[in-house]
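Structural description and commentary
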Amino acid sequence: MHFLHVADSHLGYSAYHKLNENGLNQREVDTYNSFKQFVDYAIASKPDMILHSGDLFDSVRPTNRAIKFAMEQIIRISENDIPMVIISGNHETPKMRETGSPLSFFEHLKNIYVVYKGKYEKIEIGDAMIHAIPHCFSKEELIKNIELAKKIDGYFNISMMHVGIFGIKEFSRGDFNEQIIPSGYLSPDFDYIALGHYHTATKVTENSYYSGSTEYFSFKEVGGRKGFYDIKMSDGIDINFMPLKTRSMIDFGSIDCNDLPPDEITEKIIKKFESGIEGKIIRIFLKNLNLAKHKSIDWNKIKKMASKSLHFEVGYDLKEIKYEMASKSRMASLEEEWRNYISSVPIERKKEIGELALKYLSEAKG
Ligand SMILES: [Mn+2]
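What counts, and at which threshold
- Residues numbered from 1 in each chain as written.
- Predicted model: local features only at pLDDT ≥ 70, side-chain atom pairs only at ≥ 80, totals over all residues.
- Heavy atoms only, no water.
- Pairing = 2+ DSSP bridges.
- Helix = DSSP H or I, 4+ residues; strand = E, 2+ residues; numbered from the N terminus.
- Axes fitted to C-alpha atoms, helices over the stretch in contact; angles between N-to-C directions.
- Contact = heavy atoms within 4.5 Å.
- Domains from an automatic or database assignment.
- Buried area = accessible area lost by both parts, 1.4 Å probe.
- Salt bridge = Lys/Arg side-chain N within 4 Å of Asp/Glu carboxyl O.
- Polar contact = N/O pair within 3.5 Å; in protein donor to acceptor, adjacent residues only side chain to side chain.
- Core = buried A, V, L, I, M, F, W, Y, C linked by side-chain atoms within 4.5 Å.
- Buried < 20%, exposed > 50% of the residue type's maximum accessible area, 1.4 Å probe, protein only.
- Donors = N, O, S within 2.8 Å, 3.2 Å for Na, K, Ca; no water.
- Right-handed = clockwise from strand over helix to strand, strands pointing away.

With mixed pairing, six strands are arranged side by side in an open sheet as 4-3-2-1-13-14. At either end of the open sheet lies a strand with only one pairing partner, and these are strand 4 (112-115) and strand 14 (237-243). On average, each strand axis in the sheet is tilted by 20° relative to the strand beside it, whichever way the strands run. Two strands pair when backbone bridges link them, and strand 1 (residues 2-6) and strand 13 (residues 227-233) are joined in this way by four bridges, in the antiparallel orientation. Bridged to His 5 within strand 13 is Tyr 229. Against the sheet, helix 1 (residues 26-45) contacts strand 1, strand 2 (49-52), strand 13 and strand 14, and its axis sits at roughly 175° relative to strand 1.

In structure tokens, the structure reads:
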């Protein structure tokens, strides 16, 4: 039995302001690129099956673009006669059952099994029995479903869950509707437990693994690998992590600003950029920085240097400055928002349209 374990592709996710040459959010496109790499690998390596352990989509109501992309890729898998099981994760599970699941679109495709109804389902694929446990509406229901999943002799028994784990070490993401179970529910009876939810590839117990996400979605994930597992099972089990090419995310750590004059802080920040920031998502943390000093830092110079990155973020620890920055970043003036937007989109007659809108804005204000 040869199979691939993947999870947390979060299709439809978007973030930051950077658009690509077609005017699409660059981070959204990044999630499509990494998932397509996975599907290309799957089709080339022809496994006996693919297991996707939840959060295929980033939300309960993905955009038409995200649905179209996912449909195209899952159809490629279906048409190559590779069975695929997808369980629902917390991100694509509605608060009310009546809302329905975006995974239901795939249930009409040959070879594709979607498990999203909050109930344990068994799926037989070749000599494997898949015990698929989707995201449930309550922890009680989840535990009941986990207890229903029992290994069946004569098969490779593989279970799938989208959960956080506590007990050995905590594996959680802090999402509002995540389900966290004690590690004791990871039964040693199964040949393999394909976990989803925690975004860094990790071995949790002897037989249970998180494959991690297919892209970076938060600075908490910096340093972790991104990819999926390629697994061969016979008498023993051979588990190989396959990395995907993703957007780079760098955390430059912190600078203690306590004894530093503003110009030195400026220089120290710019010095960090020398390691190469082009197209990357970068963050720096300024410790002990007060509001007065903040105002004297040469932010124009820093922003100019940082403009090669895809996104530049600054973190602070002192409360006064955190509040100030939060209230500032909420929204610039309408005119400023418009100028930023129009300068970033690839359209013709940019100057003319840009100025026309500013004229309308000032008329509306008047
Ligand atoms: Mn999740």
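Quick look at the domain arrangement of the chain now. According to the domain assignment, the chain contains domain 1 (2-243), domain 2 (249-327) and domain 3 (331-366). One C-alpha centre belongs to domain 1, the other to domain 2, and the line joining them spans 36 Å. At the interface, eight residues of domain 1 touch eleven residues of domain 2. Between domain 1 and domain 2 the total buried area reaches about 900 Å² when both faces are included, carbon and sulfur atoms providing 76% of it. It is Tyr 16, Lys 18 and Phe 219 in domain 1 that bury the most area against domain 2; as a group they hold 67% of the surface buried on that side. At the boundary of domain 1 and domain 2, one finds zero salt bridges. For the interface between domain 1 and domain 2, the tally reads one residue pair in polar contact (both at pLDDT 80 or more).

Soluble globular proteins tend to pack their nonpolar side chains together in the buried interior. Core analysis: the largest hydrophobic core is formed by 28 residues, its most contacted members being Phe 38, Ile 50, Phe 106 and Ile 112. Of all elements in the fold, only strand 1, helix 1, helix 2 (64-79), strand 3 (84-87) and strand 4 reach the threshold of two or more residues within this core. Among the elements that make up this core, the one with the highest residue count is helix 1 (six residues). Contacts of Phe 38, omitting those with residues within four sequence positions, involve Leu 4, Val 6, Ile 50, Phe 228 and Leu 244.

What follows concerns the pattern of salt bridges. Pairing is possible between side chains of opposite charge, provided their charged atoms come close. Applying the stated rule across the entire model yields 19 salt bridges. With a closest N to O distance of 3.5 Å, Lys 203 and Glu 206 form a salt bridge. Residue classification places Lys 203 among the partly exposed residues on the basis of a relative accessible area of 42%. A relative accessible area of 66% places Glu 206 in the exposed class. A salt bridge links Glu 363 to Lys 359; the nearest nitrogen and oxygen atoms lie 3.5 Å apart.

Within the first shell, the manganese ion binds the protein through Asp 55 (OD), Asn 90 (OD1), His 162 (NE2) and His 197 (ND1), at distances of 2.1 to 2.4 Å. In the primary sequence, the donor residues of the manganese ion line up as D-x34-N-x71-H-x34-H. With His 162 in strand 7 (residues 156-162) and His 197 in the loop between strand 10 (192-196) and strand 11 (202-205), this residue pair connects regions lying 35 residues apart in the sequence. Of the residues examined, His 162 reaches a relative accessible area of 2% and is grouped as buried.

With that settled, the discussion passes to unusual backbone geometry. You will see that His 10, though not glycine, has its phi angle at about 45°, which is positive. His 10 sits in the buried class, given a relative accessible area of 2%.

It is worth spelling out the side chain of His 5 at this point. If you trace the backbone, His 5 turns up in strand 1. Polar side-chain contacts of His 5 include one of 2.8 Å to the side chain of Tyr 192. Beyond its immediate stretch of four places on either side in the chain, His 5 contacts Leu 51, Ser 53, Tyr 192, Ala 194, Leu 195, Tyr 209, Tyr 210, Ser 211, Phe 228, Tyr 229 and Ile 231.

A few words on the environment of Leu 334. Its place among the elements puts Leu 334 in helix 8 (residues 334-344). In this structure Leu 334 comes out as partly exposed when scored by relative accessible area, which is 47%. Put simply, Leu 334 and Leu 358 are 24 residues apart on the chain and 9.0 Å apart in space, counted from C-alpha to C-alpha.

Pairing geometry for strand 15 (residues 249-256) and strand 16 (residues 281-287), over six bridges, is parallel. Each residue of the ladder has a partner; that of Met 249, found in strand 16, is Ile 281. On the question of chirality, the crossover connecting strand 15 to the parallel strand 16 by way of helix 4 (residues 262-272) is right-handed.

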